[in-house]
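Summary of the model geometry
What follows is each chain in one-letter form.
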Amino acid sequence: MVARATAVRIASSPRSVGVDIRGVSHAFDLGGSRLPVLDSVSLSVAGGEFVALLGPSGCGKSTLLRLVSGLEQPSAGVIAVDGSPIDRPDPSRILVFQDPTLFPWATVWNNVATGLEARSVLAQHRSRVDAALDLVGLNGFAQAYPHQLSGGMAQRAALARALVNDPALLLLDEPLGKLDSLTRLTLQVELVALWRKAGFTALLVTHDVEEALLLASRVVVLTERPARIKAEFSVEQTYPRHRDDPTLIALRRRILGVLGLAT
Amino acid sequence: MSNAIETLDGGAASSPASLRNVQSGVWTNGLLAAAAWAAAALATVGLPDVVPWGSQGLFAAIVGGGAAIFFALAFAVPRLGRLAAGVVHYGPWFIAIGVWFTLWELTTAKFGWLPKPFFSPPNGLLNVYVTEAPRLIICIAYTLRLWSLGFVSGVAIGYAIGVALGWSKRFSYWGMPILKLIGPVPATAWIPCTFFFFPTTFAASVFIVALASGIPVMILTSSGVASVNRAYYDVGRNLGASDWYLVSRIAAPASLPHVFVGLFMGLYYSFAVLVVAEMLGAKFGLGWYIQFQTAYSGYANVYATLLIMALICAGIVKVLFMTRDRLLVWQKGFI
């Protein structure tokens, strides 16, 4: 059950990057008034680490991911990847949304090929698209349109669309949040397997404590908006983990306590 | 139901039992259509004309031939099975058309209730096609040339400007108010200016048609591009897409359903202004022909030409629908 990092690598050189979030604050303009969402958040993520950000809904976790992706710039503070500050989005850091946001007019294959096509390298790397579809188990659906996919399959396709670019950092914004519970359990297991095979650094936003404990090597708990870091938990269990592991259950109780949900 | 059939048959045939046997292998609507078309043929040749219109013989032969075909189909269709499904589907329409021809023929040429020159029997229209064929064909060619030049250029320019309006904040700042001002003005109101700006009347006509078809495409394309889900752009930018990629590969296909609504509206508007556009010093064209014949009270010619225009428009609509279904196959799950 030990997945070899070399087995299903899509690209040639294995790599992952560390993320340094230093004193990041962010606020939204709401027609004159400012809504602060992040309050001097500092967090260091080592290369290859899987960190889960837990917090009440609407607390600003997703905003933090958007800032790390480079789609938006923080109001204050610096986010650096392997030492260099982020000032624009880049296909080496890919955000996977809660909605699959597949392009409905393109087939699954063309959706997955988007990143390569956008950077005009598709012609040399067509086989990578097939490999990415293989990786998520969608090779039979290459010519299907998104409306023909189930929710779980669509989210797998979205993962393939990210992984085909061989990201060094995968930003997962509640990617399993809208799936039915059985599909979610399956995809949690697959996500861990993908991370261990590909070796990217992963930053996962979720409000499912069990999911965070199953996937992440570190769980960071955020406060209500504006979000600050409230607590950090290191999860040292070996993968693959089991939901009924007593250590995880004990951790779960402690985290729920920090979130103010202990019974 | 079977009772009603039995009583009808009982009145018509000497041995109801044998006829019912045959009837199970007969397409009833085909027989009724044959009867209706035969009635039209008989009314045309059998009754004297109040006013002669010409081509009665040809019309009677055509509808009589139609009746014979339906009669043959009535017996062939049950044996063709699936192949004839389309014919069976339109059965009630075939009957209605036969009845319509009969009543039309009776009320105009035969009884004179709908008088000349305002009304014409169907053979009157046929007579127009027979006697005016060369001129009408030239007119069709002229009209199609004017329409296709106007429509294609209008749609191309309207689409390009629509994408720019929907995409660029600055373009929209300057363009939207102008579009809102110009949009509601009927294309034909520009005729006086066009004479000044365009070297030939034909170019002016093309402009009028282009304007009528371009404005709705422009408005709907811009609203389509502006309403594209922002998350698609985020995905594109995150994956390394340039602005050109975002416009051409995300905004353009995502707005296509709106664009087609605009295309359909533009198509109808362009046909509406075609007649007026062909007033501008045209030598030929269906619109010109309609006006020419109206002036001489040639209403049969007017109706015959209107019918051609309606058929051309319906044909183009059909082509547009087929194109849309092909391009928007990905939308199937949404509609």
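Residues numbered from 1 in each chain as written. Chains lettered and ligands numbered in written order. Predicted model: local features only at pLDDT ≥ 70, side-chain atom pairs only at ≥ 80, totals over all residues.

**Some points on the environment of Ile-94 of chain A**
Note the threshold: Only runs of H or I of at least four residues qualify as helices and only runs of E of at least two qualify as strands under DSSP, and these elements are numbered from the N terminus. Buried residues are those with 20 or more other C-beta atoms within 10 Å of their own C-beta, exposed residues have 12 or fewer, and partly exposed residues lie in between; C-beta atoms are placed from the backbone. The contact criterion used is a C-beta to C-beta distance within 7 Å, with each C-beta placed from the backbone.
With respect to the helices and strands, the residue Ile-94 of chain A is situated in strand β6 (residues 93-96). On the basis of neighbour counts, which here come to 28 C-beta atoms within 10 Å, the residue Ile-94 of chain A falls in the buried class. With 77 residues separating them in the primary sequence, Ile-94 of chain A and Leu-171 of chain A have C-alpha atoms 5.8 Å apart. Ignoring sequence-local partners within four residues, the contact set of Ile-94 of chain A consists of Ala-162, Asn-165, Pro-167, Leu-170 and Leu-171 of chain A together with Asn-238 of chain B.

**Some remarks on the pairing of strand β1 (residues 19-30) of chain A**
Residue and element names in this part refer to chain A. Selection rule: For two strands to count as paired, DSSP must find a minimum of two bridges between them.
Bridge count for β1 against strand β2 (residues 33-45) is 9 bridges, and the pairing is antiparallel. Note that in β2 the partner of Ile-21 across the bridge is Leu-43. Following β1, the chain reverses through 2 residues before pairing antiparallel with β2; Gly-31 in that reversal takes a positive phi of roughly 50°. In this sheet, strand β4 (residues 76-81) lies alongside β1 in antiparallel orientation, the contact comprising 5 bridges. In the sheet register, Ile-21 faces β4, and the bridge partner there is Ile-79.

**Comments concerning unusual backbone geometry**
All names here are of chain A. Geometrically, the link from Arg-225 to Pro-226 is a cis peptide bond, its omega value of -5° lying close to zero. Following the sequence through the fold, Pro-226 ends up in the loop between β9 (218-222) and β10 (229-234). Omega for the peptide link from Tyr-239 to Pro-240 comes to -10°, which places this bond in the cis form. With respect to the secondary-structure elements, Pro-240 resides in the loop between β10 and α8 (246-258). You will see that Thr-101, though not glycine, has its phi angle at about 40°, which is positive. Residue position: Thr-101 is located in the loop between β6 and α2 (108-112).

**Quick word on the confidence of the model for chain B**
Residue and element names in this part refer to chain B. For clarity, the cut-off: Across the chain, each position has a pLDDT score giving the predictor's confidence in that residue, from 0 to 100.
Mean pLDDT over chain B stands at 86; residues scoring 70 or higher make up 92%. Segment residues 1-23: pLDDT under 50, and 6 contacts once partners within four positions in sequence are set aside and those in other chains are kept. Overall fold confidence for the complex sits at a pTM of 0.79, while the interface term, ipTM, reaches 0.87.

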